[in-house]
Amino acid sequence: MAIQWFPGHMHLTQKAIQERIKNIDVVIELLDARLPGSSANPLLSTLTAGRLALKVLNKQDLADPERTAQWLTHYNAQSGTRAIGLDASVSTPAKALIKACFELAPQRGGMVKPMRVLICGIPNVGKSTLINTLTGKRATKTGDEAGITKLEQRIALADDFYLYDTPGVLWPRIIVAKSGYNLAASGAIGRNAFNEEEVALELLNYLKTHYATLLEARYKLDPIANLQDEELLEAIGRKRGALQSGKGVNLQKAAEIVIYDFRAAALGRITLETPAEFAEWLAAGQKLDAQRQVKKDAIELDRAIRFKKIAKPDQRRSSRSEHG
Ligand code: G4P
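Notes on the structure in this doc start here. (Residues numbered from 1 in each chain as written. Predicted model: local features only at pLDDT ≥ 70, side-chain atom pairs only at ≥ 80, totals over all residues. Heavy atoms only, no water.)

### Observations regarding the pattern of salt bridges
If charged atoms from side chains of opposite charge come close, those side chains can pair.
Then comes step 1: The full count for this structure, using the stated rule, is 18 salt bridges.
Then comes step 2: A salt bridge links Arg34 to Asp32, with the nearest nitrogen and oxygen atoms 2.7 Å apart.
Then comes step 3: Judged by its relative accessible area of 1%, Arg34 is buried.
Then comes step 4: With a closest N to O distance of 3.2 Å, Asp261 and Arg218 form a salt bridge. Remark: Arg218 occurs in helix α8 (residues 212–219) and Asp261 occurs in helix α10 (residues 251–263); sequence separation between them is 43 residues.
Then comes step 5: Given a relative accessible area of 33%, Arg218 falls into the partly exposed group.
Then comes step 6: Each of the salt bridges in this network shares a partner with another, and the network as a whole consists of Asp25, Arg108 and Arg116. (Salt bridge = Lys/Arg side-chain N within 4 Å of Asp/Glu carboxyl O. Buried < 20%, exposed > 50% of the residue type's maximum accessible area, 1.4 Å probe, protein only. Helix = DSSP H or I, 4+ residues; strand = E, 2+ residues; numbered from the N terminus.)

### Topic: unusual backbone geometry
Then comes step 1: We note that Lys59 has phi near 60°; this positive angle belongs to a residue other than glycine.
Then comes step 2: Along the polypeptide, Lys59 turns up in the loop between β2 (52–58) and α3 (65–76).
Then comes step 3: In this model, Lys220 sits at a positive phi of 50°, which is unusual for a non-glycine residue.
Then comes step 4: As for its position among the elements, Lys220 is in the loop between α8 and α9 (229–239).

### A few points about helix α5 (residues 127–135)
Along an α-helix, residues three or four positions apart point the same way, because every turn accommodates 3.6 residues.
Then comes step 1: Within the sequence span of α5, burial applies to Lys127, Leu130, Ile131, Asn132 and Leu134.
Then comes step 2: Where α5 is buried, its residues meet β1 (26–32), α4 (93–104), β4 (115–121), β5 (153–158) and β6 (161–165).
Then comes step 3: Where α5 terminates, the next one or two residues include Gly136, which has phi positive at roughly 70°. (Contact = heavy atoms within 4.5 Å.)

### Quick notes on the site of the ligand
Then comes step 1: Around the ligand sit 14 residues, and of these Ala88, Asn124, Lys127, Ser128 and Thr129 come closest.
Then comes step 2: At a separation of 3.1 Å, an oxygen atom of the ligand approaches a polar backbone atom of Val125.
Then comes step 3: Note that an oxygen atom of the ligand is positioned 2.8 Å from one of the backbone N or O atoms of Lys127.
Then comes step 4: The class makeup of the residues in the shell around the ligand is five nonpolar, four polar and five charged. (Near = heavy atom within 4 Å. Polar contact = N/O pair within 3.5 Å; in protein donor to acceptor, adjacent residues only side chain to side chain. Nonpolar A, V, L, I, M, F, W, Y, C, P; charged D, E, K, R; others polar.)

### Let's talk about the side chain of Asp32
Then comes step 1: Note that Asp32 resides in strand β1.
Then comes step 2: Judged by its relative accessible area of 3%, Asp32 is buried.
Then comes step 3: Side chain to side chain, Asp32 and Arg34 meet in a polar contact 2.7 Å long.
Then comes step 4: Those residues within four positions of Asp32 in sequence are excluded, and the remaining contacts are Ser39, Asn58, Lys59, Val125 and Ser186.

### Topic: the sheet that holds strand β3 (residues 81–85)
Then comes step 1: Judged by pairing direction, the sheet is mixed, and its six strands sit side by side in the order β3-β2-β1-β4-β6-β5 without closing on themselves. Of all the strands in the sheet, the pair left with one neighbour each is β3 and β5. Neighbour-to-neighbour, the strand axes of this sheet turn through a mean angle of 25°, independent of strand direction.
Then comes step 2: Across five bridges, β5 lies against β6 in antiparallel orientation. (Pairing = 2+ DSSP bridges. Axes fitted to C-alpha atoms, helices over the stretch in contact; angles between N-to-C directions.)

### Quick notes on the nonpolar core
Then comes step 1: Counting 74 residues, the largest nonpolar core has Ile28 and Leu54 as the members making the most contacts within it.
Then comes step 2: Of the residues that make up this core, three or more belong to each of domain 1 (8–165) and domain 2 (195–263).
Then comes step 3: Not counting residues within four places of it along the chain, the set of residues in contact with Leu54 comprises Val26, Val27, Ile28, Glu29, Arg82, Ala83, Ile84, Leu97, Ala100, Cys101 and Leu104.
Then comes step 4: In terms of nonpolar packing, the next biggest core, distinct from the first, is built from ten residues, Ile17, Leu44, Cys120 and Tyr162 among them. (Core = buried A, V, L, I, M, F, W, Y, C linked by side-chain atoms within 4.5 Å. Domains from an automatic or database assignment.)

Shown next as structure tokens:
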């Protein structure tokens, strides 16, 4: 799928994180509990390598609780990492965040060594909502001002606990194809940057295998196991009256219904990936990306040779042996 969003404030954010990270004790990464692997920014792990990490699986009210438990176990098994689940209904999220951070960095605390925490997360993961609850007011989104004068805001959660906010950004190139679809389904990617029908078909393909009963119940369908993805989308469109005159089902409309229902958890609580699945997708994506890079390098080398920038490898070899 061609995802074509503009990376936005990515470079500025990257610089702000690089600057701030020097004096940070714990990095909180807000993840979407429905897609923890796909909503983790791969650039962030490079920028914050070696730092203590708190993974917050946010919007847990929308996610499959069994799978949230699997992800929490997965992250809590990693050294220097803790993970907690959270959602907007938790009225005192500060308590949970403060507790988890002091568990990670017990040596911090007090006015001399206050806890300094950086909070990061992709767009739409619920960061503004969380920060509004933390501050008890309606804060603007960090970096939303014209000209992005304010890249960072500091919030004191306690006398010895400072939280530094960063703007929500996506990374420019997604190498795990499934992550692109999951991010689009979740609402993290602007609707002009993806094809709804394609995203709905991918979503249905996954739901058919893992959450068939929820689909059957929501759309009052007969068992769907033998349906192709397109047939399933059509059946849903028909059930929901997404029709166009004389031409059968309006697939675009049907796709929008499926995506909307998933986002609103109208199908039920769903998580689109397990730690094991995501690890597999990541390995496959990295392999493909490496192959792509080899091809790209070969094309560039060929172009350089054709434009006589450098000698052909065999010419270089023979010229070396002549001189040797
Ligand atoms: P951001 O700053 O990370 O970009 O996200 P923001 O807080 O603006 O939240 C994005 C959407 O997610 C909002 O919905 C918000 O209400 C919802 N949201 C945030 N936290 C939770 C949560 O824990 N559970 C659930 N169910 N929803 C949450 P919205 O106002 O309807 O915006 P939109 O999604 O229509 O753009």
